[in-house]
Amino acid sequence: MGLGELVALGVVSALAAVLGSMLGLGGGVFMVPIFTLFFGIDQKFAIGASAIAVVANSVVGSSVHLRTRLTNLRLAMLLQVTTAIGATIGALFSVGADPRIVNAIFGALLLYVALSMIRKARAPSARATPTPDTPPQTEDARSLALRLDATFEDAATQRTIRYVPRRVPVGVGLSGGAGLLSGMLGIGGGVVQVPIMNLMMGIPVKAAAGTSAFMVGLSAVATSAVYYADGQVNPQVVVPAILGVFVGSQVGPRLTRRVATNRLVLVFVLILLYLGGSMVLEAIGVALPWQ
Amino acid sequence: MAVTEQHTIPEQESRVSPTVSGPPRADRLDLVYQGARLSLMVGFRVAAVLLAVGLILAIVRGESLSEETISIPDIPAALLDGETSAFIDLAILTLIVTPVFTSVVVALAFARIGDRLYMAVSLIVLAILSVSLILPAL
């Protein structure tokens, strides 16, 4: 691979990380399809590189969330039990699976995320009465007994937010699914994990994102290890991905503060629809024009 | 989803949980959070240094990055030989094991503050991650 290609990989990874951080998604969601569709990189190498980049991003990015206590460490470790199991199973499955199956699952996930974003943007109740960041709290005796309640300072509102997770068994169970997707596709899994924590467990979205940011690194370890051991890690792809994700993860949050993100939702949805559709077409054997 | 009971939590209740005795839980957990942050920082810095050394060597020697990784048992010898790819592969491996190292630190920190439940949970997570590291090699 020439220097130009390496630089291009790095730039694409940085852009993926920027987009991901602006959308609350990980860069892996964009990296794997772009690497495979536009750079012609073998899907296994793309997933391996993405998983390692997710670990790198988590290692770097978690520090801030840990310092501000947005990460609920007890909850993260509890959910990680099933997430890690799912990730290991997913990685072992995908490393030997037919690439078309993995492409189809990935494409379906991207289309689902895009449609969810469209639905969320169009929901009239979302505009008229915005969903509160902190859902109404029901004291969950089980959560309190497990000492899962937590407090964090919301810098935006200067308020101390205390929350008590609900439906912990459901969250633990569904986290296994998030891990499975993470392991199979080389993504962080935050795209599934954050809604589980926010919508199902009643955790404020900032705390859910902060807890997920810590968890995705642990989840991606399984995928990274499986792919490394299988010889599916190409340093020519991994190194630019790591460097790009590191740069993008620094730029993304700064851009998010300055850019009216809601105006870019349509652009992001189109990107996700395009990539998702391309992955599904690739899976069913439809030749893409640029191949 | 149905919510059968709703009430807000008065702010004055948020400082100390009535179910925990001793120092406020926030202070005890500080050790766990600090340990997690420190372990992530150490892992990242070690990986960054290794990666920087590898890339500098590659540039100085005019070498391109390898397309495949060295097998783990061969890395020490390759490092001693000053091979560029050994530094880069070790950087990648350091990144991969950093979260595992963090799990160890978190487990020890929970043990230190007397939270045996989450020490056990962290050790379970560590065991699962260890299986994912070892299983592919078998």
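Higher on the page you've got the structure.
Residues numbered from 1 in each chain as written. Chains lettered and ligands numbered in written order. Predicted model: local features only at pLDDT ≥ 70, side-chain atom pairs only at ≥ 80, totals over all residues. Heavy atoms only, no water.

## Some words on a nonpolar patch on the surface
Residue and element names in this part refer to chain A.
Now for step 1: A surface patch of nonpolar side chains, amounting to about 400 Å² of accessible area, comprises Leu3, Val7, Val11 and Leu15.
Now for step 2: Tracing the backbone shows valine 11 in helix 1 (residues 3–23).
Now for step 3: With a relative accessible area of 46%, valine 11 lands in the partly exposed category. (Patch = residues over 30% accessible without salt bridge, like charges linked within 9 Å, V, L, I, M, F, W, Y side chains within 5 Å. Areas by Shrake-Rupley, 256 points an atom, 1.4 Å probe, with all protein chains shown as cover. Salt bridge = Lys/Arg side-chain N within 4 Å of Asp/Glu carboxyl O. Helix = DSSP H or I, 4+ residues; strand = E, 2+ residues; numbered from the N terminus. Buried < 20%, exposed > 50% of the residue type's maximum accessible area, 1.4 Å probe, protein only.)

## Observations regarding the interface of chain A and chain B
Now for step 1: Each side of the interface is counted separately: chain A has 59 residues, and chain B has 57 residues.
Now for step 2: Both faces considered, chain A and chain B share a buried interface measuring about 5200 Å² in area, 71% of it formed by carbon and sulfur atoms.
Now for step 3: A per-residue breakdown of the area chain A buries against chain B is headed by Arg69, Arg74 and Tyr228 of chain A, which together make up 15% of the total.
Now for step 4: Linking chain A to chain B there are three salt bridges.
Now for step 5: For aspartate 115 of chain B, the salt bridge goes to arginine 74 of chain A, with nearest N and O atoms at 2.7 Å.
Now for step 6: Applying the counting rule to chain A against chain B returns nine residue pairs in polar contact (both at pLDDT 80 or more).
Now for step 7: Elements supplying a minimum of two residues to the side of chain A that touches chain B: helix 3 (43–67), helix 4 (73–96), strand 2 (159–163), helix 9 (190–200), helix 10 (205–229) and helix 11 (235–258) of chain A.
Now for step 8: Split into classes, the residues belonging to the side of chain A that touches chain B amount to 36 nonpolar, 14 polar and nine charged. (Contact = heavy atoms within 4.5 Å. Buried area = accessible area lost by both parts, 1.4 Å probe. Polar contact = N/O pair within 3.5 Å; in protein donor to acceptor, adjacent residues only side chain to side chain. Nonpolar A, V, L, I, M, F, W, Y, C, P; charged D, E, K, R; others polar.)

## Considering the pairing of strand 1 (residues 150–154) of chain A
Now for step 1: The two faces of strand 1 of chain A differ: Ala150, Phe152 and Asp154 of chain A on one face are buried, but Thr151 and Glu153 of chain A on the other face are not.
Now for step 2: As consecutive antiparallel partners, strand 1 of chain A and strand 2 of chain A are separated by four residues, and within that stretch glutamine 158 of chain A has a phi angle of approximately 60 degrees, a positive value. (Pairing = 2+ DSSP bridges.)

## A word on unusual backbone geometry
Residues and elements named next belong to chain A.
Now for step 1: In the Ramachandran plot, arginine 147 falls in the positive-phi region, its phi being about 60 degrees despite a non-glycine side chain.
Now for step 2: Structurally, arginine 147 is set in the loop between helix 7 (141–145) and strand 1.
Now for step 3: For arginine 147, a relative accessible area of 23% translates into the label partly exposed.
Now for step 4: Notably, arginine 167 is not glycine yet its phi reads approximately 50 degrees, a positive angle.

## Looking at the side chain of aspartate 149 of chain A
All names here are of chain A.
Now for step 1: Relative to the helices and strands, aspartate 149 resides in the loop between helix 7 and strand 1.
Now for step 2: Judged by its relative accessible area of 6%, aspartate 149 is buried.
Now for step 3: Polar contacts involving the side chain of aspartate 149 include one to the side chain of arginine 162, which spans 2.9 Å.

## Quick word on helix 3 of chain A
Residue and element names in this part refer to chain A.
Now for step 1: Compared with an ideal rise of 1.5 Å per residue, which puts 25 residues at 36 Å, helix 3 spans 36 Å between its outermost C-alpha atoms and is within 8% of the ideal.
Now for step 2: For helix 3, the principal kink sits at glycine 61 and spans about 35 degrees.
Now for step 3: Among the 25 residues in helix 3, 18 count as buried, and that is most of the element.
Now for step 4: Measuring from the side-chain oxygen of the N-cap residue of helix 3 to the backbone nitrogen of lysine 44 gives 2.9 Å; that N-cap residue is aspartate 42.
Now for step 5: Just beyond helix 3, the residue with positive phi is arginine 69, at close to 65 degrees. (Expected span 1.5 Å × (residues − 1). Bend = angle between axes of the 7 residues up to and from the residue.)

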